[in-house]
Amino acid sequence: MQPNSSNNKWFPKTVYIATYGCQMNEYDSELVRSILKKDNYEFVTDELAADIVMLNTCAIREHAHRKVYGRVHSIRHARGKDNPVMIGLLGCMATNLRQDLLEDRSLKIDFIAGPDSYKRLPQLIREASDEGRKSYDVTLSEFETYSDVYPSRTQGGVNAWLAVMRGCNNFCTFCVVPYTRGRERSRSPENVVDEVRRLAAEGFKQVTLLGQNVNSYRFEDHDFAYLMDEVSKVEGIERIRFTSPHPKDFPDRFLDLMAANPKICKHIHLPLQAGNNRILTMMDRTYTNEEFLDLVDKIRAKIPDIALSTDIIVGFPTETDGEFEDTLQVAAKVGFDSAFMFKYSERQGTIASKKYPDDVPESIKTERIMRLNEIQKEITHLRNRAHIGQIQTVLLEPYPEAKNPGQMPGRTDGNKLVILPLGPYKGGDFIKVRITDATPHGLKGHPV
Ligand code: SAM
Ligand code: SF4
């Protein structure tokens, strides 16, 4: 900490930020960096050297939540009395648990800022440090999109995350996002395209458009297809990805654009959540398993080489063995290239937490996720093996050579990881690669 020349008080100047959860949180941490750097804060990579440690939290599952509590205690413990530190919580957990966090004396949180309050961080920090009072702002906004903040990105210039919309109006019964991130709102296409142009000028090759519900993007008369088309016109950006979409918003117009536009990567993350119609209704996902399978057929008819990934929840309240089998069947029918699998975790404030007791025992959830995992691993391996012998265009990722000596990682258009022998290339190069081998985790190949 440094003395403040005007009143000889000590005030914090160095910041360490740790990010939990999704890419949206990664992006938000970049916004926070930008906002605080403007206020002359300096970011450090050593947590022990920081005056302020901020945790950008996730509230999506209990596990994420517990990790944050553990981290706060371990920071306090590591620093002791002689090396004080301010601790701030940002993100979804902040919104959801403001009261608990401020009142929990053992945690000693100094300030809290929800996802729509990051512009107020300099003020919140000042209130907490100068006046020694706990400060917070977790107000959700109907308008805040941070379109006037250019994120301070730390990644090495190949892929840039870019939030085009924030919030969610869907209220799936298990999900806390609509409560922690508020209502849907989108940035104007011009504003997004301006940022993409700037990224291209800085040498980025790929942008990933982000939103909790990204394909529900709407600004005045412009939909997500329009936005993607505009972004794809930016010279220098060669690949465009998006995540996470909802299955309800895939009009033909958008799929036709995806099929025709070589810059839009042929990969869709299509969250299934469950394969049984009673559970899907209880989740309020607004589609049946038949409709989901029809959508997959339509996507594959229009874009035959599409890679599909998904999210699946096991052990939603009252889910029976038979209903879980339906999920396995749908997953096998689709043959997803990869899947994120979660045990249902009751979240405070959600519709499910009020209507449906979390009655599937933990042991059953564990059994189900292990079975799903086993089956999905085989499917992923099979899908990966189908690429052996193909020539794929691979975008090399920035790689710390020391981590895997003699190897370079890259991604196919379908977002599959390819490991290559080290060559005269650098992160950001596109190279043609022959796929020589496949595992359940990715591909191996040689430049051709
Ligand atoms: N917007 C996306 C969609 O419509 O599916 C998902 C975004 S959510 C932040 C990421 C994933 O976390 C969800 O797809 C879901 O599988 C999982 N998830 C959300 N709430 C959960 C809960 N209460 N328990 C377990 N998994 C959950
Ligand atoms: Fe949560 Fe996604 Fe449903 Fe929105 S669409 S409530 S973010 S799972």
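You'll find the structure just up there.
Everything numeric here is computed off the predicted structure, so don't read it as measured data. (Residues numbered from 1 in each chain as written. Chains lettered and ligands numbered in written order. Predicted model: local features only at pLDDT ≥ 70, side-chain atom pairs only at ≥ 80, totals over all residues. Heavy atoms only, no water.)

Quick look at the overall build of the chain
- On a plain count of helices and strands, the chain comes out with 14 helices and 23 strands.
- Relative to the globule expectation of 22 Å for 448 residues, the C-alpha radius of gyration of the chain, 23 Å, shows essentially globular dimensions.
- Overall size of the chain, expressed as C-alpha extent along the three principal axes, is 70 × 55 × 50 Å.
- Relative to its 448 residues, the chain shows a buried fraction of 54%.
- Partitioning the contacts of the chain with sequence separation of at least 6, the portion at a separation of at least 24 is 72%.
- Accessible surface, the chain as shown: approximately 19900 Å² in total, 50% of it carbon and sulfur.
- Taking the average location of the 60 positive side-chain charges in the chain and that of its 62 negative ones, the two points are 3 Å from each other. (Helix = DSSP H or I, 4+ residues; strand = E, 2+ residues; numbered from the N terminus. Rg over C-alpha atoms; globule rule 2.2 N^0.38 Å. Buried < 20%, exposed > 50% of the residue type's maximum accessible area, 1.4 Å probe, protein only. Contact = heavy atoms within 4.5 Å. Areas by Shrake-Rupley, 256 points an atom, 1.4 Å probe, with all protein chains shown as cover. Lys, Arg positive; Asp, Glu negative; His and termini not counted. Charge placed at Lys NZ, Arg CZ, Asp CG, Glu CD.)

Description of the environment of Arg 371
- Summarising the element assignment, Arg 371 is placed in helix H14 (residues 362-385).
- Judged by its relative accessible area of 38%, Arg 371 is partly exposed.
- For the pair formed by Arg 371 and Leu 328, sequence separation is 43 residues and the distance between their alpha carbons is 8.8 Å.
- Setting aside residues no more than four positions away along its own chain, Arg 371 makes contact with Phe 324, Glu 325 and Leu 328.
- Within polar-contact distance, the side chain of Arg 371 engages the side chain of Glu 325 at 2.6 Å. (Polar contact = N/O pair within 3.5 Å; in protein donor to acceptor, adjacent residues only side chain to side chain.)

Quick look at the pattern of salt bridges
- Considering all chains together, one arrives at 31 salt bridges under this definition.
- Across the salt bridge formed by Arg 126 and Asp 39, the nearest N and O atoms sit 3.1 Å from each other. Placement of Arg 126 in helix H5 (residues 121-130) and of Asp 39 in the loop between helix H1 (23-38) and strand S4 (42-43) is noted, with a sequence separation of 87 residues between them.
- Using a relative accessible area of 24% as the deciding quantity, one classes Asp 39 as partly exposed.
- Between Glu 62 and Arg 66 there is a salt bridge, with the nearest N and O atoms lying 4.0 Å from each other. Of this pair, Glu 62 and Arg 66 both sit in helix H2 (residues 62-79), 4 residues apart, which is roughly one turn of the helix. (Salt bridge = Lys/Arg side-chain N within 4 Å of Asp/Glu carboxyl O.)

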